[in-house]
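Residue-level structure breakdown
Each chain is listed here by its residues.
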Amino acid sequence: MNFRLIPVALFLYCGVASAASVSKLVSGPTVAEQYLLSAANVERAQRGLQPLHWDRALYEAASYHAERMAERESISHRYVGEPELMARGQQAGARFSVISENVAEAPSAVMIQDAWMNSEKHRENLLDPRVDSIGIRVIGRGDHLYAVEDFDRSVTSMSLEEQEVAVGQLLQLRSSVTILPTTADARRTCSMETGYAGERRPWFVMRYTADDLTKIPTMLEERLATGNYNAAVVGACPAEGEHNFTAYSIAVLLYR
């Protein structure tokens, strides 16, 4: 079997993303790309994992790199002068808390998929339970196909107000606390490492960073379950850290 392949996986929480375009993209997945998407989801389904959803930004990121590989008739995760995977995903408009990539060169898509599934690191990327999105680009050059498969755990773009409303709704579902309007002090508290802003002293402050606002930390759940608090304020602030990644930064202030 004549093929080459390299996997890479990266993950962290925090950051923001911006948009960029990739030239000469086709309007939809090719037959080879559709096969690799279907094959990946069949493998995941057999193991009880959620299917991967096609993501346009990841497709653009994969396309940019696949073009570089086909031009050079080689495989690599990064060429001189090219952004690394995290930056490439960000520039294509992806917002993520986990990102990973498989690349390969082989005569057919079937051989590429077989090679990935028979390589431990590539298989781990394909079957990673954390990721939910995928973009695949396959470019033919001579008798070979050059394939890039990008995965990520997508993070929805939300304003600070939307984040605060989402967390407030969760708090109401899990307790009887009254959700008070967000204040500038609550947002400042979110950005502080310790303590709180403003004159009113909260009885408990929980700061946390997450890529998913459909759940709250276990410690906060336990605090609410005591029934010792009757009011809460939610403050959101821009997440700090590695700016190639995306996360929400939240503070919940509980009062008696």
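A quick note: this is a predicted structure, and the numbers were derived from the prediction, not measured.

Before going further, it helps to examine the overall build of the protein. Along the protein, the regular secondary structure elements total 8 helices and 9 strands. Evaluated residue by residue, the protein yields a buried proportion of 50% over its 256 residues. For the protein, the exposed area adds up to about 12,400 Å²; of that, 51% sits on carbon and sulfur atoms.

A few words on the side chain of glutamate 105. Tracing the backbone through its elements, the reader meets glutamate 105 in strand S3 (residues 96-106). Note on glutamate 105: relative accessible area 7%, which makes it buried. A distance of 3.4 Å separates polar atoms of two side chains, one belonging to glutamate 105 and the other to histidine 144. Separated by 3.4 Å, the side chains of glutamate 105 and tyrosine 146 make a polar contact.

Quick look at the pairing of S3 now. Within S3, 11 of the 11 residues are buried, leaving the element largely enclosed by the surrounding structure. Strand direction decides the pairing type here: S3 and strand S5 (residues 144-154), joined by 10 bridges, are antiparallel. In the strand pairing of S5, glutamate 105 is matched with tyrosine 146.

Mapping valine 177 onto the fold places it in the loop between helix H6 (160-174) and strand S6 (178-179). Each C-alpha atom, one on valine 177 and one on tyrosine 255, is 8.9 Å from the other, the two residues being 78 residues apart in sequence. Ignoring anything within four residues of it in the chain, the contact list for valine 177 reads Leu171, Gln172, Leu224, Tyr229, Asn230, Ala231 and Ala232.

What follows covers the confidence of the model for the protein. Parts of the model with low pLDDT should not have their predicted coordinates read in detail. Mean pLDDT for the protein: 87, with 86% of residues reaching 70 or above. In the model, residues 8-26 has pLDDT below 50 throughout and makes 74 contacts with residues more than four positions away in sequence or in other chains.

Attention now goes to the packing of aromatic side chains. Evaluated as defined, the whole model comprises 1 aromatic pair. Between the aromatic rings of tryptophan 54 and tyrosine 59, the centroid separation amounts to 5.5 Å while the plane-to-plane angle is 40 degrees, which identifies the pairing as tilted. By relative accessible area, which is 28% here, tryptophan 54 ends up partly exposed. A residue is classified by how much of its surface remains accessible, and tyrosine 59, at 1% relative accessible area, is buried. Its guanidinium or amino end placed over the ring of tyrosine 79, arginine 72 lies 4.5 Å from that ring's centre, counting from NZ or CZ.

Conventions and cut-offs
Residues numbered from 1 in each chain as written. Predicted model: local features only at pLDDT ≥ 70, side-chain atom pairs only at ≥ 80, totals over all residues. Heavy atoms only, no water. Helix = DSSP H or I, 4+ residues; strand = E, 2+ residues; numbered from the N terminus. Buried < 20%, exposed > 50% of the residue type's maximum accessible area, 1.4 Å probe, protein only. Areas by Shrake-Rupley, 256 points an atom, 1.4 Å probe, with all protein chains shown as cover. Polar contact = N/O pair within 3.5 Å; in protein donor to acceptor, adjacent residues only side chain to side chain. Pairing = 2+ DSSP bridges. Contact = heavy atoms within 4.5 Å. pLDDT = per-residue confidence, 0-100. Phe/Tyr/Trp six-rings, centres within 6.5 Å; stacked < 30°, edge-to-face > 60°. Lys NZ or Arg CZ within 6 Å of the ring centre and 35° of its normal.

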